[in-house]
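Observations on the three-dimensional arrangement
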Amino acid sequence: MPPLIIRPARPDEHAALCVLFAELDRFHREVRPDIFVEPQGPARSPELIAGLIEGPGSAILVADDGGALAGLATLIERVIAANPVRPERRIAEIDNLVVMPGHRRRGVAGLLLRHAEDWARDRGIASLELGVWEFNAGAVACYEAAGFVSTTRRLSKPIASP
């Protein structure tokens, strides 16, 4: 089996990237159908994916196992605005990370995360951040194993209609 290579995605890989995004979307829909719905048509247009790939403040990294894509990480550079008690700061956000079921528990996510750190470091960004749903215990464990720590917590409360 050829070695796994982490590399930038190419715009001509739109269909293969959509398969990975569909796996991510399916998982979220199954667990939280009250929030996530099935899209009508492609969830991510070729233009959206090309824009993320071309940057300059974004990237899609893929795990290539010799022609098939085993996983991806979408990275976005963000500026967090200053306020009276906090200075402005730049972060790199992992917006999406997914590994196909047949490749899980083989270190693919860890490789993608290490390359995401390199992407941020190469841009002079000192913080790599992400959001993860509480129901996604596997992802939480993966991120914690990679050195991520919880810094904030977002809570919600459904409000019943009168």
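Going by the structure above, here's the rest.
Residues numbered from 1 in each chain as written. Predicted model: local features only at pLDDT ≥ 70, side-chain atom pairs only at ≥ 80, totals over all residues. Heavy atoms only, no water.

This paragraph deals with helix α3 (residues 108-122). With 15 residues, α3 should cover 21 Å at 1.5 Å per step; its first-to-last C-alpha distance of 21 Å lies within 8% of that length. Every buried residue of α3 is accounted for by V108, A109, G110, L112, L113, A116, W119 and A120. Elements in contact with the buried residues of α3: β1 (5-8), β2 (58-64), β3 (69-80), β4 (89-99), β5 (128-130) and α4 (137-145). (Helix = DSSP H or I, 4+ residues; strand = E, 2+ residues; numbered from the N terminus. Expected span 1.5 Å × (residues − 1). Buried < 20%, exposed > 50% of the residue type's maximum accessible area, 1.4 Å probe, protein only. Contact = heavy atoms within 4.5 Å.)

Side chains that differ in sign of charge can pair as their charged atoms come close. Applying the stated criterion to the full structure yields 16 salt bridges. Residues R89 and E129 are paired through a salt bridge, measuring 2.7 Å at the closest nitrogen-oxygen approach. Of the two residues, R89 sits in strand β4 while E129 sits in strand β5, which places them 40 residues apart along the sequence. R89 gets classed as partly exposed once you look at its relative accessible area, which sits at 34%. Here D118 makes a salt bridge to R121, at a shortest N to O gap of 2.8 Å. With D118 and R121 both in helix α3 and three residues apart, the pair spans about one turn of that helix. (Salt bridge = Lys/Arg side-chain N within 4 Å of Asp/Glu carboxyl O.)

The buried fraction of β4 is high, at eight of 11 residues. Note: β3 against β4, 10 bridges, orientation antiparallel. Paired with R78 across the bridge in β4 is I91. Both β4 and β5 contribute to a ladder of three bridges, which runs parallel. (Pairing = 2+ DSSP bridges.)

Now for the sheet that holds β2. Strand order in the open sheet formed by five strands is β1-β2-β3-β4-β5, and the pairing between neighbours is mixed. What marks the edges here is a single partner per strand, and that holds for β1 and β5. Recorded for the sheet is a direction-independent mean angle of 30° between the axes of neighbouring strands. Relative to β4, α3 is tilted by about 160°, and along the sheet it contacts β1, β2, β3, β4 and β5. (Axes fitted to C-alpha atoms, helices over the stretch in contact; angles between N-to-C directions.)

Our focus in this paragraph is the nonpolar core. In terms of nonpolar packing, the biggest core is built from 23 residues, with I94, L97 and L112 touching the most fellow members. Where this core is concerned, the elements lending two or more residues are β2, β3, β4, α3 and α4. Ignoring sequence-local partners within four residues, the contact set of I94 consists of T74, L75, L113, A116, L128, E129, L130 and F148. (Core = buried A, V, L, I, M, F, W, Y, C linked by side-chain atoms within 4.5 Å.)

All right, on to the environment of D64 then. Among the structural elements, D64 can be located in strand β2. Judged by its relative accessible area of 12%, D64 falls in the buried class. C-alpha of D64 to C-alpha of V19: the two residues are 45 residues apart in sequence and 14 Å apart in space. Setting aside residues no more than four positions away along its own chain, D64 makes contact with P3, L4, I5, R7 and L69.

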